[in-house]
Every structure is written in C-alpha cells, then in structure tokens.
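Spelled out, the chains give:
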Amino acid sequence: MSFTLRSLTFEDIETIGRLENELFPTDAWPLEMFYTEFFQPDTRRYIVAEVDGETVGYAGVMVIDTTADIQTIGVLPRFEGQGIGRAMLTELLDEARRRGAETVMLEVRADNPRAQQLYTRFGFARIHTRKRYYRDGVDAWVMQLVLPAGGEGAP
C-alpha cells in the first residue's frame, strides 16, 4: 500500500473534522478550530495523508519562536501500522526545523502505547504528566524532543 502526503487545503477541513470525530470522539476539536488553525499559516502547518484519493490521516504543527508543538496526529485504524503516522511526524519535524524550532512538545494520552512508542522512537522523552487532562479523565503525558543541530534525520 502506498500513500501520499500533501498540505491541507481549505476544502479538506470538513473531511478532517469528520475524521477527528471518528478518531477522537471524547476530545474531538470542533470544526471551527480547524478553520482557525488553517488561517494561521505563519505559525501552523497541517498535512493530510491519502491512499487512493481517500484521506486516511492528518497532522499539524504550530511553531512559535524556537518551540514547536505537535497539535494533532490521526490515522484511521485500518491504516495504522503502514508508516503513515511515522511519515507525517517526520514531515512535521522537518517543518519545525525549517521554521527554526529547537524544541518540539506534544501531549499524548497515557493509555495510548502505540503513539507513545512512535514518539519515543523519534527521541521524545516524557517530561511531565498532566493529570486528568482529557475529558474522560485520562492523564496526558507531556513529551519533549530537543532537535539536534544540523537537522539530522528521523528514524
């Protein structure tokens, strides 16, 4: 199976909103939030992953000064394990470097070992726990990656 990554377009936002509700029903962003994010290109970049023209994943990063924050990464369950999440994370980290970030932050659910393992493989370290961060009471791990000087590649 092959997939492609491309920048999010305005026309993608409603599709991304549907995927968001499917993937994160408890903590889904409201559709308006995606529109707000889209219209901040100076500090945000969102991408989509497609398989045979179908949107199967999306991800976004915010970069302010020298700090980047992975805003979201989502892949439809039937497409997990195909390298899509890894490719999107690689692209977001590359974007963070291009924009001058030195540190990348993210939150991940404490009950999501698959995502935790992905981030750990990229060099993220857990630095804090936000108790009961998610609406259903699950903790969030705050993870941080210090980007190496010179832009060495990801795993």
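Here, the structure is the one placed above.
What you see is a predicted model; the values in this text were computed from it and never measured.

Rules used throughout
- For every chain, the first residue of the written sequence is number 1, and numbering continues from 1 onward in sequence order.
- Where local features are concerned, this predicted model is filtered to residues with pLDDT of at least 70; where side-chain atom pairs are given and counted, the filter is 80 or more; whole-chain, interface and lining totals use all residues.
- Computation of side-chain values covers all heavy atoms of the structure but excludes hydrogens and water.
- Helix and strand labels come from DSSP, where a helix needs a run of H or I of at least four residues and a strand needs a run of E of at least two; each type is numbered from the N terminus.
- Our radius of gyration is a C-alpha quantity, and the globule rule it is checked against amounts to 2.2 Å times the number of residues to the power 0.38.
- Under the scheme applied here, a residue whose accessible area is under 20% of the maximum for its type counts as buried, over 50% as exposed, and between as partly exposed, the area being computed with a 1.4 Å probe on protein chains only.
- Using a 1.4 Å probe, accessible areas were evaluated by the Shrake-Rupley method; residue-level cover was limited to the displayed protein chains.
- Note that His is not counted, nor are the chain ends; the positive residues are Lys and Arg, and the negative ones are Asp and Glu.
- Charged groups are reduced to one reference atom each: NZ for lysine, CZ for arginine, CG for aspartic acid, CD for glutamic acid.
- Contacts are residue-level and defined by heavy atoms, with any inter-residue pair within 4.5 Å sufficient.

## Observations concerning the overall build of the protein
Part 1 of the reasoning: For the protein, the count of helices and strands is 4 helices and 7 strands.
Part 2 of the reasoning: When its helices and strands are written in sequence order, the protein yields β-α-α-β-β-β-α-β-α-β-β.
Part 3 of the reasoning: The globule rule puts the C-alpha radius of gyration for 155 residues at 15 Å, and the 15 Å found for the protein is close to it.
Part 4 of the reasoning: Reported as C-alpha extents along the three principal axes, the dimensions of the protein are approximately 35 × 35 × 30 Å.
Part 5 of the reasoning: The 155 residues of the protein split such that 46% are buried.
Part 6 of the reasoning: If you sum the accessible surface of the protein, you get close to 8,200 Å²; carbon and sulfur atoms cover 49% of it.
Part 7 of the reasoning: Measuring between centres, the 17 positive side-chain charges of the protein sit 5 Å from its 24 negative side-chain charges.

## A few points about unusual backbone geometry
Part 1 of the reasoning: In this structure, Asp 52 takes a positive phi of about 50° despite not being glycine.
Part 2 of the reasoning: Residue position: Asp 52 is located in the loop between β2 (44–51) and β3 (54–64).
Part 3 of the reasoning: At Arg 132, a residue that is not glycine, the phi angle is positive and equals roughly 50°.
Part 4 of the reasoning: Within the secondary structure, Arg 132 is located in the loop between β6 (125–130) and β7 (140–146).
Part 5 of the reasoning: Residue classification places Arg 132 among the exposed positions, given a relative accessible area of 62%.

## Thoughts on the environment of Thr 103
Part 1 of the reasoning: In this fold, Thr 103 is placed in strand β5 (residues 103–109).
Part 2 of the reasoning: Along the sequence, Thr 103 and Ile 84 sit 19 residues apart, while their C-alpha atoms lie 23 Å from each other.
Part 3 of the reasoning: If we skip the residues at most four places from it in the chain, Thr 103 touches Thr 66, Thr 67, Ala 68, Gln 144 and Leu 145.

Remember, this is a structural readout, not a statement about activity or role.
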